[in-house]
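A look at the structure
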Amino acid sequence: MPETLEQSAGRFDTVLIANRGEIAVRIQRACRELGLKTVAICSEADRQAPYGKTADSFLCIGPSTAAKSYLNQDAILLAARLAGAGAIHPGYGFLSENAAFADAVEKAGLVFIGPTASSIAIMGDKISAKRAMMAAGVPCVPGPDTALPDDPATIERIALEIGYPVIIKAAGGGGGRGMRVVPKADVLHEAIALTREEARKAFGSRSLYMEKFLEHPRHIEIQVICDDHGNAVWLGHRDCSMQRRHQKVVEEAPAPGIAPDIIQPVGLACVQACLQIGYRGVGTFEFLYEDGAFYFIEMNTRLQVEHPVTEMTSGVDIVQAQIRVAQGHVLDLSQGDVACEGHSFECRINAEDPESFLPSAGVVTHLALPAGPGIRVDTHIHAGYKVSPYYDSLIAKLIVHAPTRAEAMARMREALAGTEVEGISTNIPFLRALFEDGAFAQGETDIHYLEQWLKLRRAA
Ligand code: ADP
C-alpha cells in the first residue's frame with residue numbers, strides 16, 4: 001500500500017551533522033528545537049569542539065586533515081551506523097555538494113538532508129546547470145551552455161562571438177577558484193591552458209566553459225526552499241557583492257535598490273526551475289546583476305553561509321524548514337506567506353591578518369561578543385578555544401537586523417565595536433573600517449568595489 005503523507009513524514013529522529021565549526025552549532029540547535037537527537041563528529045584537531053559536549057553522541061572519525069575526516073565518506077557512514085542516526089546533514093562545504101555522497105547516504109538507508117544526488121550532479125556541473133536554467137527560462141550570462149572544445153580555432157571563434165573581455169570558468173569550480181578573466185585575444189590560449197590545469201588538479205575535471213566577463217555587476221542571489229510534494233517558494237534576495245578574491249565577506253538582505261517588479265519575475269523563474277527539475281530542499285540561485293538585467297551564474301544546492309540574513313528578514317528558520325522537508329513534511333508556508341521585513345547584514349569574522357589576510361591560528365585568550373536587540377552571533381568559539389590551521393578561517397558570523405538599511409549599518413558598527421577577540425588576529429579592524437565607508441553606506445556597490453577599496457587603503 002502506498003504511504004500516506006502522514007506516514008512518510010518524520011522519517012528519522014536522530015541526525016548526524018557531518019560538519020564542524022559554527023554551522024555544526026547552528027544545525028544542532030535547529031535539530032534540538034525540532035525534538036531530534038544529534039550526533040556530532042570531529043577530527044582529531046576538533047576533539048575539544050563545544051558542540052561535541054552538547055550533542056547526544058560525539059564521535060572522532062579521523063585525523064585532522066579534512067581528506068581523512070570530514071571528507072571521509074566511509075568513516076561518516078560508519079559513525080552514523082554506530083550512533084543510530086537516521087539522517088545526515090552535510091552543512092556547507094565538505095561533502096554538501098557531493099552527489100556520490102548523497103547517493104551513498106541514501107543507499108545506506110539514511111536520509112540525506114539536501115537535494116537528490118541527481119539534482120546535485122546537474123547543478124554541481126556549472127555547464128549542465130546553465131543548460132537546465134536556460135531551458136527553464138532563467139536568464140544566463142551570454143556564452144554557450146557547452147564545454148569548450150580543444151580546437152584552438154573554435155575557441156577563438158567562441159570568444160569573438162561573445163566579445164572580449166571573457167571569463168574562463170571550470171565546470172566543476174567552486175569557492176572562487178578555477179576562473180580566469182581574458183581581456184583580449186592574445187592571452188586567450190595561455191589563460192585556457194592555465195585554467196584547465198588548475199581545474200584538473202583542484203576539481204578532478206578539465207572541463208571548462210566561457211562566458212562574457214561582466215565588468216561592473218553586483219552579486220545578487222535568491223533563496224529557495226522546496227518540498228517533495230511539488231511546493232516551492234523563494235524567500236527574497238540577498239546582495240553578496242562585497243567580495244575579496246571572489247569570496248564573500250559581507251552579505252545583506254534585501255539587495256539594496258532593487259525594485260520589487262524587477263526581482264519578482266526572477267524569483268518566480270527560480271521557483272519554476274525548481275519545480276521543473278524536481279528540486280528538494282534549500283538552494284540558492286546566484287545571479288550577476290548589471291544595468292538592470294539579471295544573469296544566472298550558478299546554483300548552490302545546499303545551505304549557505306549567509307542564510308541568516310534571509311532568516312532575519314523573512315522570519316523563516318531555514319535550517320528547521322530544511323530538516324522538516326527532508327523528513328517528508330509538506331512545506332508549511334506558501335509564497336503568499338513570505339513577507340520580508342527590515343534589513344539585515346552579516347559579517348564573516350575570519351581568523352586572519354586584517355592587512356595580509358593570511359590565516360591566523362592559535363588560542364583565543366579573550367572573547368567578548370555583542371548582544372542586544374537585532375544582534376545575532378553564530379559561532380563555535382569561546383575563550384580558550386584553539387583555532388586550528390587545518391580548516392576554513394571562519395570563526396564567527398555577526399548578524400544584525402533593523403527596520404532600515406541605515407539603521408542596520410549603525411547596528412553593525414555598534415556590534416563590531418563590541419566584538420573583541422584576542423590571542424589570534426582577525427579581520428574585525430578591516431570590517432570596522434568598511435562599515436565607515438561612504439560608498440558602501442550608499443549601497444549598490446559592485447563586485448569589484450572591495451578589492452579597489454583595499455588597494456586604495458594600501459596605497460594611502
Ligand atoms: P564559485 O562557485 O567559485 O563561487 P561563481 O560562479 O559563483 O563561482 O562566481 C563567483 C564570483 O566570481 C561571482 O560572485 C563574481 O564575483 C565572479 N564572476 C563569476 N562569473 C562572472 C562573470 N561572468 N563576469 C564577472 N564576474 C564573474
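Everything that follows concerns the structure shown earlier in this document.
What this report covers is the structure whose coordinates are included nearby. (Residues numbered from 1 in each chain as written. Predicted model: local features only at pLDDT ≥ 70, side-chain atom pairs only at ≥ 80, totals over all residues. Heavy atoms only, no water.)

1. Notes on the overall build of the protein
Basically, it comes down to this: Only DSSP runs of H or I reaching four residues or more are called helices, and only runs of E reaching two or more are called strands; each is numbered from the N terminus. Two things to know: the radius of gyration comes from C-alpha atoms, and the globule rule equals 2.2 Å times the number of residues to the power 0.38. Burial classes: relative accessible area under 20% of the type maximum marks a residue as buried, over 50% as exposed, and values in between as partly exposed (1.4 Å probe, protein chains only). Whether two residues are in contact is decided by their heavy atoms: any pair within 4.5 Å suffices.
The secondary structure content of the protein amounts to 16 helices and 20 strands. For the protein, whose C-alpha radius of gyration is 22 Å, the value lies close to the compact-globule estimate of 23 Å for 460 residues. Structurally, the protein occupies a C-alpha span of about 60 × 60 × 45 Å along its principal axes. Counting across all 460 residues of the protein, residues that qualify as buried make up 55%. Within the protein, counting contacts between residues at least 6 apart in sequence, those at least 24 apart form 66% of the total.

2. Description of helix 6 (residues 117-124)
Residue pairs spaced three or four apart in an α-helix point in one direction, given the helix's 3.6 residues per turn. Rules: Comment: arc refers to directions from the helix axis out to C-beta atoms.
Taken together, the buried positions of helix 6 are Ser 119, Ile 120 and Met 123. Buried positions in helix 6, seen along its axis, are confined to an arc of 100 degrees and lie on one side of it.

3. Side note on the environment of Arg 411
With respect to the helices and strands, Arg 411 occurs in helix 13 (residues 405-417). For the pair Arg 411 and Val 400, spaced 11 residues apart in sequence, the C-alpha separation works out to 6.6 Å. In contact with Arg 411, not counting residues within four places along its chain, are Pro 373, Gly 374, Ile 375, Val 400, His 401 and Ala 402.

4. Some details on the nonpolar core
Our working definition: Among the buried residues, those of types Ala, Val, Leu, Ile, Met, Phe, Trp, Tyr and Cys that are joined through side-chain atoms within 4.5 Å form a nonpolar core. Each domain's extent was defined by an automatic or database domain assignment.
Membership of the largest hydrophobic core comes to 35 residues, with the highest contact counts inside it found for Phe 12, Val 15, Ile 113, Ile 225, Leu 235 and Ile 323. Among the secondary structure elements, those contributing two or more residues to this core are strand 1 (14-17), helix 2 (21-33), strand 10 (232-244) and helix 12 (318-326). Mapping this core onto the domain boundaries places at least three of its residues in each of domain 1 (5-113) and domain 3 (218-459). Aside from chain neighbours lying at most four places away, what touches Ile 225 is Asn 231, Ala 232, Val 233, Leu 235, Gly 281, Val 282, Ala 321, Gln 322, Val 325 and Leu 331. With 34 residues, the next largest nonpolar core counts Phe 357, Ala 408, Phe 430 and Trp 453 among its residues.

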